[in-house]
Amino acid sequence: MRVKKRLISIGLNALAWLLSLVVLIPFVVIVLNSFKSDAEAKVLKLTLPEKFIFENYKIVYEQGHLGGSFFNSLLHSTASSLLLVFVVAFSAFTLSRNYSKLSKFLYFFLILGITLPLNYIPLMEVMKSLGMINSHVGMILLYTAMGIPISLFITYAFVSNIPKELDEAAIMDGCNGIKLFLRIIVPLLTSVLVTVFVLNFLSVWNEFTAPLYMLNTVEMWPMTLAVYNFFGQFSAQWNLVSADIVLTSLPVLIVFLIGQKYIVGGLTSGAVKG
Amino acid sequence: MNVNKIYPWYFSSGAIVLYLLFIVAPALLGIYYSFTDWNSYSSEKNFIGLEHFRTILAGDPTYLLFIKNTVLFTLITSIAKTVLGLFLALLLVSGVKAANLHRMIIFSPQVLSFLIVGLVFKSLLDPNNGFVNVTLRSLGLDVLAQNWLGSLTWAMPSIMAVDTWKGMGYIMVLFIAGLLAIPRDYYEAASIDGAGFWQKLFRITIPMLMPTITIATVLNITYGLRVFDAVYVLTNGGPGNATDVINTAVYSSFAKGYWGIGSALSTILFVIMAIISFFIIRLMNRKVEY
């Protein structure tokens with residue numbers, strides 16, 4: 001019996017490693033290739049480079065518009081996430097505390113956007129008429145709007161769990177709505193707002209469809225479009241393509257490692273309870 | 001005290017304005033455009049009624065192929081992600097060592113953009129020098145080497161496999177959270193009654209996980225129906241139209257300047273999603289009240 005248990009445990013551990021390797025190997029192949037010479041990278045193999053060539057990264061940085069597009073991605077992700085946190089905190093607070101029919105309707109109306117597909121062709125028309133095509137402000141506002149439904153859903157549930165007695169005590173002490181919100185509610189919301197920020201930051205950073213429709217000048221491109229374009233130009237040079245992929249994945253993986261707790265927490269909220 | 005004064009609904013006007021402007025207005029405008037012959041060759045938008053919908057649903061069979069591909073993609077990836085996600089979660093809560101490390105590794109593709117994942121696999125699946133075929137050949141399995149993304153038979157299954165590879169970690173994380181919430185006593189009581197592994201799985205674990213399974217299915221379906229990046233980056237709909245889904249077809253009709261019919265395709269997707277959303281929102285509403 002004990003031998004059997006031990007064998008099962010070894011088998012399960014081996015299986016877990018096997019499955020992790022299935023996820024890891026594609027990345028390992030790419031990382032190794034990013035250091036190879038052009039000739040050596042012709043065939044994608046899981047072998048160490050004969051000599052590590054760091055030049056590849058320099059070439060990619062210079063020819064891939066990575067500096068400018070890194071800045072664009074950073075600007076869009078940071079600004080829209082900050083704005084989103086601000087807007088969502090306010091709306092989650094009032095919509096979840098105000099028990100009127102109107103606020104309940106508004107809540108459902110807003111979270112309906114979690115599932116509805118965005119219609120990009122008329123969206124372009126709307127953005128054009130607002131003068132927001134090819135503009136940073138336009139992209140930031142668009143991303144904020146896109147993030148509202150899911151972020152509101154997460155934050156709303158969180159506000160509902162803050163006891164209302166707190167509000168009553170604060171009002172007794174002379175707080176009005178805005179003071180109550182800023183002094184009592186916002187500090188309690190910090191962790192969920194960080195979650196909203198991190199999740200939105202990642203999804204904007206990874207966004208490909210919206211910029212594909214809305215941005216048509218190289219100077220405005222985020223990392224995703226720059227990488228896609230780079231691949232189109234250099235698809236025969238796999239060492240460079242690999243280096244490009246590594247460079248653009250790094251910021252996301254760093255954010256993932258730092259914000260892991262918040263990312264997983266945010267993605268599982270709503271799925272666990274019940 | 002007057003609730004409306006302390007919690008005025010207009011505190012949420014920022015969110016409402018942005019949402020109306022960028023999400024709702026385009027949606028409504030898109031429905032209107034789908035009844036017009038709007039295209040890049042004339043500046044006029046003439047009302048033509050249901051003609052586009054007739055073309056899509058009964059006229060040109062390629063449009064039905066896009067819809068069929070979308071549904072097939074959604075169905076197969078949803079099932080694959082749910083089954084694999086549950087399997088991985090069960091494995092990682094069964095007491096394997098370094099479970100957190102495994103969890104992080106398997107989840108990690110989820111945080112990368114599909115563009116990156118797509119380019120990685122475009123390289124790995126290259127028919128001549130890609131990692132997959134090179135490895136198969138070096139193992140003497142030449143017969144298994146395929147033109148993964150370029151053949152009519154293999155292109156769609158390859159995209160589905162890559163998408164499942166990327167998305168299964170997210171579903172796994174949901175299931176891990178669900179599994180950890182099941183009280184241990186149930187299993188202990190079942191063990192005393194002499195229940196085996198499979199009995200515990202089907203009598204306790206899966207019934208207790210039903211809420212998580214529901215949410216996972218909802219997420220998989222809504223993601224699957226809206227898929228764009230995965231197909232666009234891996235095959236751009238090819239070979240021919242074999243892997244085109246609704247959203248890639250919308251993009252190509254947009255690029256060709258057929259804005260009316262592109263909008264009509266979007267509207268069909270919108271209607272499908274709206275029906276599904278109705279049920280989803282009811283599900284989520286139930287959850288919030290816990």
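Up top you'll find the structure we're talking about.
Only a predicted model underlies this, so the values are computations on that prediction, with no experimental measurement involved.

(A) Broad picture of the overall build of chain A. A count of helices and strands for chain A gives 11 helices and zero strands. For chain A, the succession of helices and strands along the chain, N to C, is α-α-α-α-α-α-α-α-α-α-α. Radius of gyration (C-alpha) of chain A: 24 Å, far over the 19 Å computed for a compact globule of 274 residues. With respect to the principal axes defined by its C-alpha atoms, chain A has extents near 75 × 70 × 30 Å. Each of the 274 residues in chain A was classed as buried or not, and the buried ones make up 53%. At a minimum sequence separation of 6, the contacts of chain A that also span at least 24 residues come to 72%. A total accessible area of about 12,300 Å² is found for chain A, and carbon and sulfur atoms account for 69% of it. Mean positive and mean negative side-chain charge positions of chain A (18 and 13 charges, respectively) differ by 14 Å.

(B) Quick look at the packing of helix α1 (residues 2-34) of chain A against helix α4 (residues 61-92) of chain B. Between α1 of chain A and α4 of chain B, the least distance of the axes is 10 Å, while the angle of their chain directions is 135°. Between α1 of chain A and α4 of chain B, the angle falls in the class oblique. Once α1 of chain A is placed against α4 of chain B, the crossing between them reads as left-handed. Contact residues: L12, L15, A16 and L19 of chain A in α1 of chain A; F87, L88, L91 and L92 of chain B in α4 of chain B. Here the contact of α1 of chain A with α4 of chain B is built from residues that sort into eight nonpolar, no polar and no charged.

(C) Highlighting the interface of chain A and chain B. If you look at the interface, chain A gives 97 residues, while chain B gives 93 residues. Surface buried jointly by chain A and chain B totals about 8,800 Å² across both partners, of which 78% is contributed by carbon and sulfur atoms. Counting across the interface, chain A meets chain B through zero salt bridges. Linking chain A with chain B are 14 residue pairs in polar contact (both at pLDDT 80 or more).

(D) A look at the packing of α4 of chain B against helix α10 (residues 197-225) of chain B. Residue and element names in this part refer to chain B. Between α4 and α10, whose axes approach to 9 Å, the crossing angle comes to 140°. Considering how the two elements wind past one another, α4 and α10 form a crossing that is right-handed. Packed against α4, whose contacting residues are T70, F73, T74, S78, K81, T82, L86 and L90, the element α10 presents L201, T205, I206, L209, N220, I221, Y223, G224 and L225 at the interface. When the residues that make up the contact of α4 with α10 are grouped by side-chain class, the tally is nine nonpolar, seven polar and one charged.

(E) Fine view of helix α2 (residues 55-63) of chain A. All names here are of chain A. Among all positions of α2, only N56, Y57 and V60 are buried. Down the axis of α2, the buried set is contained in an arc of 95°. They therefore lie on one face. Structurally, α2 contributes buried residues whose contacts are with α1, α3 (66-97), α10 (223-234) and α11 (238-268). Just beyond α2, the residue with positive phi is H65, at close to 55°.

(F) Fine view of the environment of G265 of chain A. Mapped onto the elements of the fold, G265 of chain A is located in helix α11. C-alpha of G265 of chain A to C-alpha of V192 of chain A: the two residues are 73 residues apart in sequence and 9.0 Å apart in space.

(G) Up close: the pattern of salt bridges. Across all of its chains, the model carries three salt bridges over all chains by this definition. As a salt-bridge pair, R97 of chain A and D167 of chain A come within 2.7 Å of each other at their nearest N and O atoms. Here the residue R97 of chain A occupies a position in helix α3, and D167 of chain A occupies one in helix α7 (residues 164-172), the gap between them amounting to 70 residues. Accessibility expressed as a relative area gives 0% for D167 of chain A, which makes it buried. Ionic pairing is found between D163 of chain B and K81 of chain B, a salt bridge with its closest N-O pair at 2.9 Å. Residue D163 of chain B is located in helix α8 (residues 155-180), and its partner K81 of chain B is located in helix α4; the two are separated by 82 residues in the primary sequence. Like D163 of chain B, the residue K81 of chain B is buried in the burial classification.

Analysis parameters
Residues numbered from 1 in each chain as written. Chains lettered and ligands numbered in written order. Predicted model: local features only at pLDDT ≥ 70, side-chain atom pairs only at ≥ 80, totals over all residues. Heavy atoms only, no water. Helix = DSSP H or I, 4+ residues; strand = E, 2+ residues; numbered from the N terminus. Rg over C-alpha atoms; globule rule 2.2 N^0.38 Å. Buried < 20%, exposed > 50% of the residue type's maximum accessible area, 1.4 Å probe, protein only. Contact = heavy atoms within 4.5 Å. Areas by Shrake-Rupley, 256 points an atom, 1.4 Å probe, with all protein chains shown as cover. Lys, Arg positive; Asp, Glu negative; His and termini not counted. Charge placed at Lys NZ, Arg CZ, Asp CG, Glu CD. Axes fitted to C-alpha atoms, helices over the stretch in contact; angles between N-to-C directions. Parallel < 35°, antiparallel > 145°, perpendicular 65-115°, else oblique. Left-handed = near helix turned anticlockwise from the far one by under 90°. Nonpolar A, V, L, I, M, F, W, Y, C, P; charged D, E, K, R; others polar. Buried area = accessible area lost by both parts, 1.4 Å probe. Salt bridge = Lys/Arg side-chain N within 4 Å of Asp/Glu carboxyl O. Polar contact = N/O pair within 3.5 Å; in protein donor to acceptor, adjacent residues only side chain to side chain. Arc of directions from axis to C-beta.

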